[in-house]
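Analysis of the macromolecular model
Listed here are the chains, written in short residue letters.
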Amino acid sequence: MSSALKNLSDFSTANLPDVSQKRFAIIVSEWNTEVTGALYTGAFDTLVKHGVQENHIVSAQVPGSFELSLGAQKFAQREDIDAVICLGCVIQGETRHFDFICQAVADGITNVSLKYNKPVIFGVLTPNTQEQAMDRAGGKHGNKGDEAAITAIKMLALN
Ligand code: DLZ
């Protein structure tokens, strides 16, 4: 950023950069596919709605959210990819598995982003229940896949 911030606004879709020549990868986890499928549709459609060419979006599935970091790395390391969006849903269970997966994927995605100096977006829901997940995958709390796509677009404006 070259000058002082004048109007710090809430998260909005106003004044997004031109992304018509940018290329994105969307990595989506196969666990809880009812949720992650909705996140994926939201992210894909939002990219297109804001000017990304459909053939500039590559998509890949990984088995679970734990695998999102490696999936992200495989695309982040490609020179032709400008930003990576990771989508998953880890639902709280009765064991500590939830904590390990959430921590690992958050750390992993952060590391990939910093290593390759590219936006790698954390679009992973960590709800207590399936209902809470659906509320955030096109339900009453919107679609966090849409937000992940907008975040990726916004981060490209920093380049
Ligand atoms: C094993 C597991 C469990 C219990 N729950 C979830 C979940 O709610 N969401 C998710 O994305 N993945 C889950 N996984 C799978 C792990 O992410 C991972 O695929 C396996 O531990 C293999 O590395």
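Residues numbered from 1 in each chain as written. Predicted model: local features only at pLDDT ≥ 70, side-chain atom pairs only at ≥ 80, totals over all residues.

**A word on the overall build of the protein**
Each helix and strand counted, the protein has 5 helices and 6 strands in total. In the protein, the succession of helices and strands from N to C terminus is β-α-β-α-β-α-β-α-β-β-α. The C-alpha atoms of the protein give 15 Å as radius of gyration, which agrees with the globular expectation for 159 residues (15 Å, within 12%). For the protein, buried positions account for 40% of its 159 residues. Across the protein, the fraction of contacts at a sequence separation of at least 24, relative to all contacts at a separation of at least 6, is 78%. (Helix = DSSP H or I, 4+ residues; strand = E, 2+ residues; numbered from the N terminus. Rg over C-alpha atoms; globule rule 2.2 N^0.38 Å. Buried ≥ 20, exposed ≤ 12 C-beta atoms within 10 Å, placed from the backbone. Contact = placed C-beta atoms within 7 Å.)

**Quick word on unusual backbone geometry**
Although it is not a glycine, Asn15 adopts a positive phi angle of roughly 60°. Residues other than glycine seldom take positive phi values, yet Asn117 does so here, at roughly 55°. Its place among the elements puts Asn117 in the loop between helix 3 (97-116) and strand 4 (120-125). Asn117 sits in the exposed class, given 8 other C-beta atoms within 10 Å.

**Concerning the pairing of strand 4**
Taken across its 6 residues, strand 4 has 5 buried, putting it largely inside the fold. Sheet topology places strand 3 (residues 83-89) next to strand 4; 6 bridges connect them, and they run parallel. In the sheet register, Gly88 faces strand 4, and the bridge partner there is Val124. Traced from strand 3 through helix 3 to strand 4, the parallel crossover comes out right-handed. (Pairing = 2+ DSSP bridges. Right-handed = clockwise from strand over helix to strand, strands pointing away.)

**Observations concerning helix 1 (residues 33-49)**
Taking 1.5 Å per residue as the helical rise, helix 1 with its 17 residues ought to reach 24 Å, and the 23 Å between its terminal C-alpha atoms agrees with that figure. All of the buried residues in helix 1 are Val35, Thr36, Ala38, Leu39, Tyr40, Gly42, Ala43, Phe44, Thr46 and Leu47. Among the residues trailing helix 1, Gly51 stands out with phi positive, at a value near 105°. (Expected span 1.5 Å × (residues − 1).)

**Details of the environment of Asn143**
Its place among the elements puts Asn143 in strand 6 (residues 142-143). When the C-alpha positions of Asn143 and Leu39 are compared, they lie 6.4 Å apart, and in sequence the two are 104 residues distant. The contacts of Asn143, once residues within four sequence positions are left out, are Ala38, Leu39, Gly42, Ala137 and Gly138.

**What to know about the UniProt feature "active site" (unreviewed entry) in the protein**
According to UniProt, the "active site" (unreviewed entry) feature falls on His97. Here His97 lies in helix 3. According to the C-beta neighbour criterion, His97 is exposed, with 12 such atoms within 10 Å. (UniProt positions renumbered as here; feature names shortened; annotations may be inferred.)

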